[in-house]
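Observations on the model geometry
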Amino acid sequence: MGVVNVTPDSFSDGGRYVDPEAALAHGRALVADGADLLDDGGESTRPGATRPLVREELDRVVPVIAGLVETGAVVSVDTMRAEVAAAALEAGASVVNDVSGGLADPEILPVVAAAGATYVAMHWRGHSDRMGELAVYDGPGGVVGGVRRELEARVEAIVAAGIGEDRVVLDPGLGFAKRPEHNWELVAALAPGGELAGLGQRFLVGASRKSFLGRLLAATDGTPRPVGEREVAGHALTLVLAQHGVWGVRVHDVRGARDVLAVWAACSR
(Lines give C-alpha, C1' and ligand atoms only; values in the text may rest on other atoms or scores of the structure.)
Protein backbone atom coordinates (compact mmCIF):
# COMPACT_ATOMS: atom_id res chain seq x y z
CA MET A 1 0.00 0.00 0.00
CA GLY A 2 1.59 3.23 -1.18
CA VAL A 3 0.90 6.41 0.80
CA VAL A 4 -0.61 9.42 -0.97
CA ASN A 5 -0.99 12.11 1.68
CA VAL A 6 -2.92 15.15 0.45
CA THR A 7 -2.48 17.00 3.72
CA PRO A 8 -0.47 20.08 4.66
CA ASP A 9 0.64 18.62 8.02
CA SER A 10 1.44 14.90 7.80
CA PHE A 11 4.55 13.99 9.79
CA SER A 12 6.60 12.73 6.86
CA ASP A 13 5.54 14.48 3.67
CA GLY A 14 2.93 17.04 4.69
CA GLY A 15 2.40 19.68 2.02
CA ARG A 16 4.29 17.93 -0.79
CA TYR A 17 1.16 16.61 -2.50
CA VAL A 18 -1.55 19.08 -1.55
CA ASP A 19 -1.87 20.14 -5.17
CA PRO A 20 -4.06 17.51 -6.93
CA GLU A 21 -1.75 17.29 -9.92
CA ALA A 22 1.22 16.63 -7.64
CA ALA A 23 -0.77 13.97 -5.78
CA LEU A 24 -1.80 12.28 -9.03
CA ALA A 25 1.78 12.28 -10.30
CA HIS A 26 2.96 10.81 -7.01
CA GLY A 27 0.30 8.11 -7.14
CA ARG A 28 1.25 7.16 -10.68
CA ALA A 29 4.90 6.95 -9.64
CA LEU A 30 4.04 4.67 -6.70
CA VAL A 31 2.12 2.33 -9.01
CA ALA A 32 5.07 2.28 -11.39
CA ASP A 33 7.27 1.36 -8.43
CA GLY A 34 5.04 -1.62 -7.63
CA ALA A 35 2.23 -0.44 -5.34
CA ASP A 36 -0.77 -2.78 -5.37
CA LEU A 37 -2.96 -0.23 -3.62
CA LEU A 38 -2.82 3.55 -3.10
CA ASP A 39 -4.00 4.99 0.21
CA ASP A 40 -5.28 8.55 -0.20
CA GLY A 41 -5.76 10.52 3.01
CA GLY A 42 -6.81 14.10 3.70
CA GLU A 43 -6.50 14.18 7.49
CA SER A 44 -3.16 13.98 9.28
CA THR A 45 -3.09 11.57 12.22
CA ARG A 46 0.35 12.52 13.48
CA PRO A 47 0.56 13.06 17.27
CA GLY A 48 -1.00 16.40 18.19
CA ALA A 49 -2.69 16.97 14.83
CA THR A 50 -5.95 18.91 14.67
CA ARG A 51 -8.81 17.74 12.47
CA PRO A 52 -9.72 19.48 9.21
CA LEU A 53 -13.29 20.46 8.43
CA VAL A 54 -15.29 17.81 6.58
CA ARG A 55 -15.46 20.04 3.51
CA GLU A 56 -11.68 20.45 3.54
CA GLU A 57 -11.14 16.71 3.72
CA LEU A 58 -13.60 16.06 0.90
CA ASP A 59 -11.98 18.69 -1.33
CA ARG A 60 -8.57 17.16 -0.71
CA VAL A 61 -9.28 13.49 -1.35
CA VAL A 62 -12.20 13.09 -3.77
CA PRO A 63 -10.62 14.68 -6.90
CA VAL A 64 -7.40 12.73 -6.34
CA ILE A 65 -9.22 9.43 -5.86
CA ALA A 66 -11.27 9.99 -9.02
CA GLY A 67 -8.12 10.83 -10.97
CA LEU A 68 -6.19 7.82 -9.70
CA VAL A 69 -9.06 5.45 -10.43
CA GLU A 70 -9.17 6.79 -14.00
CA THR A 71 -5.56 5.63 -14.41
CA GLY A 72 -6.55 2.09 -13.37
CA ALA A 73 -5.15 2.26 -9.84
CA VAL A 74 -6.79 0.42 -6.95
CA VAL A 75 -7.47 3.08 -4.33
CA SER A 76 -8.12 3.15 -0.61
CA VAL A 77 -9.44 6.19 1.24
CA ASP A 78 -7.82 6.90 4.60
CA THR A 79 -10.64 8.48 6.59
CA MET A 80 -12.57 8.26 9.85
CA ARG A 81 -15.67 10.02 8.50
CA ALA A 82 -18.73 8.37 6.98
CA GLU A 83 -19.39 11.31 4.66
CA VAL A 84 -15.87 11.20 3.25
CA ALA A 85 -15.96 7.41 2.90
CA ALA A 86 -19.24 7.60 0.98
CA ALA A 87 -17.91 10.23 -1.42
CA ALA A 88 -14.65 8.35 -1.92
CA LEU A 89 -16.44 5.08 -2.67
CA GLU A 90 -18.66 6.89 -5.17
CA ALA A 91 -15.51 8.30 -6.79
CA GLY A 92 -14.17 4.76 -7.26
CA ALA A 93 -12.30 3.81 -4.09
CA SER A 94 -12.65 0.12 -3.23
CA VAL A 95 -11.16 0.11 0.28
CA VAL A 96 -11.90 2.24 3.34
CA ASN A 97 -8.93 2.49 5.70
CA ASP A 98 -10.36 3.76 8.98
CA VAL A 99 -7.74 4.35 11.66
CA SER A 100 -10.49 4.56 14.28
CA GLY A 101 -12.03 1.20 13.39
CA GLY A 102 -15.49 2.77 13.37
CA LEU A 103 -15.19 4.41 16.79
CA ALA A 104 -14.81 8.01 15.58
CA ASP A 105 -17.91 7.84 13.37
CA PRO A 106 -20.02 4.66 13.71
CA GLU A 107 -22.01 5.63 10.62
CA ILE A 108 -19.01 4.69 8.51
CA LEU A 109 -19.79 0.99 9.01
CA PRO A 110 -23.18 0.91 7.24
CA VAL A 111 -21.67 3.04 4.44
CA VAL A 112 -18.98 0.42 3.84
CA ALA A 113 -21.47 -2.42 4.23
CA ALA A 114 -23.78 -0.96 1.58
CA ALA A 115 -20.89 -0.48 -0.86
CA GLY A 116 -19.49 -3.99 -0.42
CA ALA A 117 -16.04 -2.49 0.07
CA THR A 118 -13.07 -3.86 1.98
CA TYR A 119 -12.72 -2.28 5.43
CA VAL A 120 -9.46 -1.79 7.30
CA ALA A 121 -10.03 -1.33 11.03
CA MET A 122 -7.09 -0.08 13.06
CA HIS A 123 -6.68 -0.36 16.81
CA TRP A 124 -7.46 3.12 18.11
CA ARG A 125 -8.19 4.74 21.44
CA GLY A 126 -8.61 8.42 20.66
CA HIS A 127 -7.78 11.31 18.37
CA SER A 128 -4.24 12.52 17.77
CA ASP A 129 -4.44 15.40 20.22
CA ARG A 130 -4.77 13.02 23.17
CA MET A 131 -3.61 9.58 22.10
CA GLY A 132 -0.33 9.88 23.99
CA GLU A 133 -2.09 9.83 27.35
CA LEU A 134 -4.02 6.70 26.31
CA ALA A 135 -0.93 4.49 25.89
CA VAL A 136 -1.60 2.58 29.11
CA TYR A 137 -2.12 -1.18 29.02
CA ASP A 138 -2.43 -2.45 32.57
CA GLY A 139 -4.89 -5.26 31.85
CA PRO A 140 -4.17 -8.97 31.40
CA GLY A 141 -1.59 -9.61 28.71
CA GLY A 142 -0.32 -6.04 28.62
CA VAL A 143 -0.39 -4.24 25.28
CA VAL A 144 -0.83 -7.41 23.20
CA GLY A 145 -3.73 -8.65 25.30
CA GLY A 146 -5.35 -5.23 25.32
CA VAL A 147 -5.04 -4.71 21.58
CA ARG A 148 -6.34 -8.19 20.86
CA ARG A 149 -9.42 -7.75 23.05
CA GLU A 150 -10.20 -4.32 21.60
CA LEU A 151 -9.77 -5.54 18.02
CA GLU A 152 -12.02 -8.52 18.72
CA ALA A 153 -14.70 -6.10 19.95
CA ARG A 154 -14.35 -4.04 16.78
CA VAL A 155 -14.71 -7.10 14.55
CA GLU A 156 -17.95 -7.99 16.35
CA ALA A 157 -19.32 -4.48 15.78
CA ILE A 158 -18.17 -4.40 12.16
CA VAL A 159 -19.75 -7.74 11.29
CA ALA A 160 -22.94 -6.76 13.14
CA ALA A 161 -23.12 -3.68 10.89
CA GLY A 162 -23.27 -5.90 7.81
CA ILE A 163 -19.64 -6.03 6.67
CA GLY A 164 -18.66 -9.60 5.89
CA GLU A 165 -15.74 -10.88 7.95
CA ASP A 166 -14.01 -11.80 4.70
CA ARG A 167 -13.92 -8.07 3.85
CA VAL A 168 -12.29 -7.04 7.14
CA VAL A 169 -8.59 -6.29 7.51
CA LEU A 170 -7.14 -5.39 10.91
CA ASP A 171 -4.30 -3.03 11.79
CA PRO A 172 -2.54 -3.14 15.19
CA GLY A 173 -2.09 0.64 15.10
CA LEU A 174 1.65 0.98 15.57
CA GLY A 175 2.39 4.41 17.00
CA PHE A 176 -1.23 5.17 17.90
CA ALA A 177 -1.55 5.31 21.70
CA LYS A 178 1.54 3.10 21.86
CA ARG A 179 4.91 3.63 23.47
CA PRO A 180 7.96 2.51 21.45
CA GLU A 181 8.26 -0.81 23.30
CA HIS A 182 4.57 -1.52 22.70
CA ASN A 183 5.11 -1.44 18.94
CA TRP A 184 7.82 -4.10 19.04
CA GLU A 185 5.66 -6.37 21.19
CA LEU A 186 2.81 -6.05 18.70
CA VAL A 187 5.07 -6.85 15.75
CA ALA A 188 6.21 -10.01 17.54
CA ALA A 189 2.59 -10.97 18.23
CA LEU A 190 1.86 -10.96 14.48
CA ALA A 191 4.23 -13.88 13.90
CA PRO A 192 2.68 -17.28 13.18
CA GLY A 193 1.49 -18.65 16.50
CA GLY A 194 1.46 -15.16 18.02
CA GLU A 195 -1.50 -13.78 19.91
CA LEU A 196 -2.56 -11.31 17.22
CA ALA A 197 -2.02 -13.80 14.41
CA GLY A 198 -4.33 -16.06 16.40
CA LEU A 199 -7.24 -13.75 15.64
CA GLY A 200 -7.36 -15.37 12.21
CA GLN A 201 -7.76 -12.05 10.36
CA ARG A 202 -5.73 -10.43 7.63
CA PHE A 203 -3.45 -7.65 8.89
CA LEU A 204 -2.25 -4.38 7.41
CA VAL A 205 0.71 -2.79 9.18
CA GLY A 206 1.80 0.83 8.88
CA ALA A 207 5.25 1.43 10.33
CA SER A 208 6.90 3.48 7.59
CA ARG A 209 9.11 6.30 8.96
CA LYS A 210 7.37 6.27 12.35
CA SER A 211 8.90 7.70 15.50
CA PHE A 212 9.57 4.37 17.20
CA LEU A 213 12.01 3.60 14.38
CA GLY A 214 13.64 6.98 14.94
CA ARG A 215 14.07 6.19 18.63
CA LEU A 216 15.50 2.76 17.90
CA LEU A 217 18.15 4.44 15.73
CA ALA A 218 18.77 7.38 18.08
CA ALA A 219 22.17 9.04 18.28
CA THR A 220 24.36 8.51 21.35
CA ASP A 221 22.91 11.69 22.87
CA GLY A 222 19.39 10.29 22.55
CA THR A 223 18.35 12.39 19.53
CA PRO A 224 15.98 10.31 17.37
CA ARG A 225 16.98 9.57 13.79
CA PRO A 226 15.28 12.16 11.52
CA VAL A 227 12.19 11.11 9.56
CA GLY A 228 13.98 11.10 6.22
CA GLU A 229 16.69 8.74 7.50
CA ARG A 230 14.50 5.86 8.75
CA GLU A 231 13.80 4.17 5.42
CA VAL A 232 16.27 1.29 5.69
CA ALA A 233 14.94 0.34 9.11
CA GLY A 234 11.42 0.47 7.74
CA HIS A 235 12.34 -1.88 4.92
CA ALA A 236 13.92 -4.29 7.39
CA LEU A 237 10.64 -4.29 9.29
CA THR A 238 8.75 -4.90 6.03
CA LEU A 239 10.81 -8.04 5.57
CA VAL A 240 9.97 -9.24 9.08
CA LEU A 241 6.27 -8.55 8.51
CA ALA A 242 6.35 -10.43 5.20
CA GLN A 243 7.84 -13.40 7.00
CA HIS A 244 5.00 -13.11 9.51
CA GLY A 245 2.53 -13.40 6.62
CA VAL A 246 0.72 -10.07 6.93
CA TRP A 247 -1.76 -9.08 4.22
CA GLY A 248 -0.13 -5.73 3.50
CA VAL A 249 2.34 -3.06 4.50
CA ARG A 250 1.65 0.66 4.22
CA VAL A 251 4.81 2.38 3.00
CA HIS A 252 6.08 5.67 1.63
CA ASP A 253 8.95 4.16 -0.40
CA VAL A 254 7.26 1.48 -2.49
CA ARG A 255 10.26 0.78 -4.68
CA GLY A 256 12.54 0.06 -1.71
CA ALA A 257 9.94 -2.19 -0.10
CA ARG A 258 9.48 -4.07 -3.38
CA ASP A 259 13.25 -4.56 -3.65
CA VAL A 260 13.39 -6.09 -0.18
CA LEU A 261 10.47 -8.40 -0.94
CA ALA A 262 12.02 -9.46 -4.27
CA VAL A 263 15.21 -10.57 -2.50
CA TRP A 264 13.20 -12.43 0.14
CA ALA A 265 11.07 -14.15 -2.51
CA ALA A 266 14.18 -15.22 -4.45
CA CYS A 267 15.77 -16.66 -1.32
CA SER A 268 12.54 -18.45 -0.44
CA ARG A 269 12.45 -20.09 -3.86
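Described in the following lines is the structure provided in the data block. Predicted model, so just to flag it, every value in this text is computed and none were measured. (Residues numbered from 1 in each chain as written. Predicted model: local features only at pLDDT ≥ 70, side-chain atom pairs only at ≥ 80, totals over all residues. Heavy atoms only, no water.)

Turning our attention to the pairing of strand E7 (residues 202-206). Buried residues dominate E7, accounting for 4 of its 5 residues. Across 2 bridges, the pairing between strand E6 (residues 168-171) and E7 is parallel. Across the sheet, the residue bridging to Leu170 is Phe203, located in E7. In this region the chain leaves E6, passes through helix H6 (residues 180-189) and returns to the parallel neighbour E7; the handedness of that crossover is right-handed. Pairing between E7 and strand E8 (residues 248-250): 3 bridges, direction parallel. Paired with Val205 across the two strands is Val249, which belongs to E8. (Buried < 20%, exposed > 50% of the residue type's maximum accessible area, 1.4 Å probe, protein only. Helix = DSSP H or I, 4+ residues; strand = E, 2+ residues; numbered from the N terminus. Pairing = 2+ DSSP bridges. Right-handed = clockwise from strand over helix to strand, strands pointing away.)

Right, let's get into unusual backbone geometry. Located in the positive-phi region is Ala177, a residue other than glycine, with phi close to 55°. You can see Ala177 is positioned in the loop between E6 and H6.

A separate point is helix H2 (residues 54-70). In a regular helix each residue adds 1.5 Å, so 17 residues correspond to 24 Å; H2 covers 24 Å between its end C-alpha atoms and thus fits that length. Listed in full, the buried residues belonging to H2 are Glu57, Leu58, Val61, Val64, Ile65, Gly67 and Leu68. In the core, the buried residues of H2 are packed alongside helix H1 (20-32), strand E2 (38-41), strand E3 (75-78) and helix H3 (82-90). At the C-terminal side of H2, Gly72 shows a positive phi close to 95°. (Expected span 1.5 Å × (residues − 1). Contact = heavy atoms within 4.5 Å.)

Put simply, H2 and H3 touch, their axes get as near as 9 Å, and they point 20° apart. Classified by the angle between their axes, H2 and H3 sit roughly parallel to one another. For H2 against H3, the interelement crossing comes out right-handed. Every residue of H3 that contacts H2 at Val54, Glu57, Leu58, Val61, Val62 and Ile65 is listed here: Glu83, Val84, Ala87 and Ala88. Split by residue class, the contact of H2 with H3 holds 8 nonpolar, no polar and 2 charged. (Axes fitted to C-alpha atoms, helices over the stretch in contact; angles between N-to-C directions. Parallel < 35°, antiparallel > 145°, perpendicular 65-115°, else oblique. Left-handed = near helix turned anticlockwise from the far one by under 90°. Nonpolar A, V, L, I, M, F, W, Y, C, P; charged D, E, K, R; others polar.)

Take the sheet that holds E2 next. The strands making up a sheet associate through hydrogen bonds between their backbones, and the pairing can be parallel or antiparallel. Pairing within the open sheet is parallel, and its 8 strands lie in the order E1-E2-E3-E4-E5-E6-E7-E8. Two strands bound the open sheet, and with one partner strand each, they are strand E1 (2-5) and E8. For this sheet the average axis-to-axis angle between neighbouring strands, irrespective of direction, equals 25°. The pairing of E1 with E2 spans 4 bridges and is classified as parallel.

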